[in-house]
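Structural description and commentary
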Amino acid sequence: MTTPTCFQAYSLVSYDKIIISAVFLMISVMSIFILKKYSLSPKMKILAIYSHLLFLFFPVFILSTHTVCGTLCMSCYNNLPALVAYALPSATMATAVTGFFFLPALLRLNGNRKFRNRWIENFLWGRGLWEKIYTIDSAKPVAFSFRGFRSAIFISMGMQEILNKRELEAVILHEIAHIRQHSSMLKISNFVFRIFSPFYIIAGFHHENKREEMEADNFAMKIQGTRKYIKSSKKKVSDFYNHK
Ligand SMILES: [Zn+2]
């Protein structure tokens with residue numbers, strides 16, 4: 001009697017795995033194609049970057065899960081649904097972590113420029129606020145910050161067109177406050193979810209937390225010494241979306 005050896009290198013190249021890997025790689029390449037070809041909203045850009053990463057990582061994780069299952073003689077070996085069930089969380093985690101570290105860099109590569117406004121820069125630098133600010137090519141007035149390994153603020157062309165410099169400064173201060181809101185980010189439940197779910201990062205751009213919003217507005221008010229500009233900038237943005 002010989003002990004059964006589960007792992008056989010040739011079974012790595014079964015048709016189902018080749019097909020699923022090819023389909024996933026195709027989706028991955030397509031996401032980058034869509035990202036380059038169409039002018040997407042910042043949210044859709046982020047979604048495209050994340051799906052590119054997820055579908056790129058997935059075949060790698062399927063093959064390595066297969067190898068591990070085979071080596072350990074586990075039943076997940078050559079059981080495609082089980083392999084997917086094991087590979088998906090790992091691939092999602094890898095995507096979230098990669099995105100967390102590289103998303104600002106990826107967004108910058110995608111045609112975004114450094115935000116340039118001497119007056120606002122001098123105002124911020126004079127107060128020790130050195131956050132990196134980028135301009136994104138979107139006609140819609142949007143502003144968001146990315147809290148990650150390399151924090152950055154993104155302000156759309158549309159936003160820069162409808163706001164005057166004091167209002168723009170207020171919006172930037174509001175986003176700086178978001179980047180600095182580490183206290184709430186460290187609340188464990190929130191923190192784990194933010195790190196491991198790429199979808200949270202996408203949702204996170206929408207400022208759903210009322211308390212954080214208030215704190216960010218208060219920060220802008222404190223630095224500018226008035227609530228006037230944060231208020232008028234919000235009004236201009238909401239008027240834009242309500243087609244007034
Ligand atoms: Zn906000």
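Above this note sits the structure.
Nothing here was measured: the structure is a model prediction, and the numbers come from that model.

A few points about the environment of Glu212
With respect to the helices and strands, the residue Glu212 is situated in helix H10 (residues 210-224). For the pair formed by Glu212 and Gln181, sequence separation is 31 residues and the distance between their alpha carbons is 7.6 Å.

Examining the environment of Ala143
The residue Ala143 is located in strand E3 (residues 143-146) in this model. When near neighbours in sequence (up to four residues on either side) are disregarded, Ala143 contacts Phe154, Ile155, Ser156, Met159, Val171 and Glu175.

Describing the nonpolar core
A general feature of soluble globular proteins is that nonpolar side chains tend to end up buried together. Core analysis: the largest hydrophobic core is formed by 22 residues, its most contacted members being Ile153, Ile155, Val171, Ile172, Leu173 and Ala220. Secondary structure elements with two or more residues in this core: strand E2 (133-136), E3, strand E4 (152-156), helix H6 (165-180), H10 and helix H11 (228-241). Considering every element that reaches this core, the biggest residue donor is H6, with seven residues. Filtering out sequence-adjacent residues up to four positions away, Val171 remains in contact with Ala143, Ile155, Met159, Leu163 and Ser233. In this structure, Ile46, Phe58, Tyr86 and Ala91 belong to the second largest nonpolar core, which totals 17 residues.

Structural notes on the environment of Ile155
Along the chain, Ile155 falls in strand E4. On the neighbour-count criterion, Ile155 (24 C-beta atoms within 10 Å) is buried. Separated by 17 residues in the primary sequence, Ile155 and Ile172 place their C-alpha atoms 8.0 Å from one another. The contact partners of Ile155, leaving out residues within four places of it in the chain, are Phe115, Ile133, Thr135, Ala143, Gln160, Val171 and Ile172.

Comments concerning the sheet that holds strand E1 (residues 113-114)
One open sheet holds the four strands; their spatial order is E1-E2-E4-E3, and the pairing between them is mixed. Of all the strands in the sheet, the pair left with one neighbour each is E1 and E3.

A short note on the packing of helix H4 (residues 118-125) against H6
With their axes 10 Å apart at the nearest point, H4 and H6 run at an angle of 45 degrees to one another. Relative to H6, H4 is oriented oblique. Considering the relative orientation of H4 and H6, their crossing is right-handed. Two secondary-structure elements touch here, H4 through Trp119, Ile120, Phe123 and Leu124 and H6 through Lys165, Leu168, Glu169 and Ile172. Residue composition of the contact of H4 with H6, by class: six nonpolar, no polar and two charged.

Some remarks on H10
Its 15 residues place the ends of H10 21 Å apart at the C-alpha level, agreeing with the 21 Å of an ideal helix rising 1.5 Å per residue. Along H10, the residues that are buried comprise Ala216, Phe219 and Ala220. Down the axis of H10, the sector holding all buried residues measures 95 degrees, keeping them to one side. Opposite the buried face of H10, at more than 90 degrees from it, the exposed residues are Lys210, Arg211, Met214 and Lys222. If you follow the buried residues of H10, they end up packed against H6 and H11. With its phi angle positive at about 80 degrees, Gly225 sits one or two positions after the end of H10.

Basis of the calculations
- Residues numbered from 1 in each chain as written.
- Predicted model: local features only at pLDDT ≥ 70, side-chain atom pairs only at ≥ 80, totals over all residues.
- Helix = DSSP H or I, 4+ residues; strand = E, 2+ residues; numbered from the N terminus.
- Contact = placed C-beta atoms within 7 Å.
- Core = buried A, V, L, I, M, F, W, Y, C linked by C-beta atoms within 7 Å.
- Buried ≥ 20, exposed ≤ 12 C-beta atoms within 10 Å, placed from the backbone.
- Pairing = 2+ DSSP bridges.
- Axes fitted to C-alpha atoms, helices over the stretch in contact; angles between N-to-C directions.
- Parallel < 35°, antiparallel > 145°, perpendicular 65-115°, else oblique.
- Left-handed = near helix turned anticlockwise from the far one by under 90°.
- Nonpolar A, V, L, I, M, F, W, Y, C, P; charged D, E, K, R; others polar.
- Expected span 1.5 Å × (residues − 1).
- Arc of directions from axis to C-beta.

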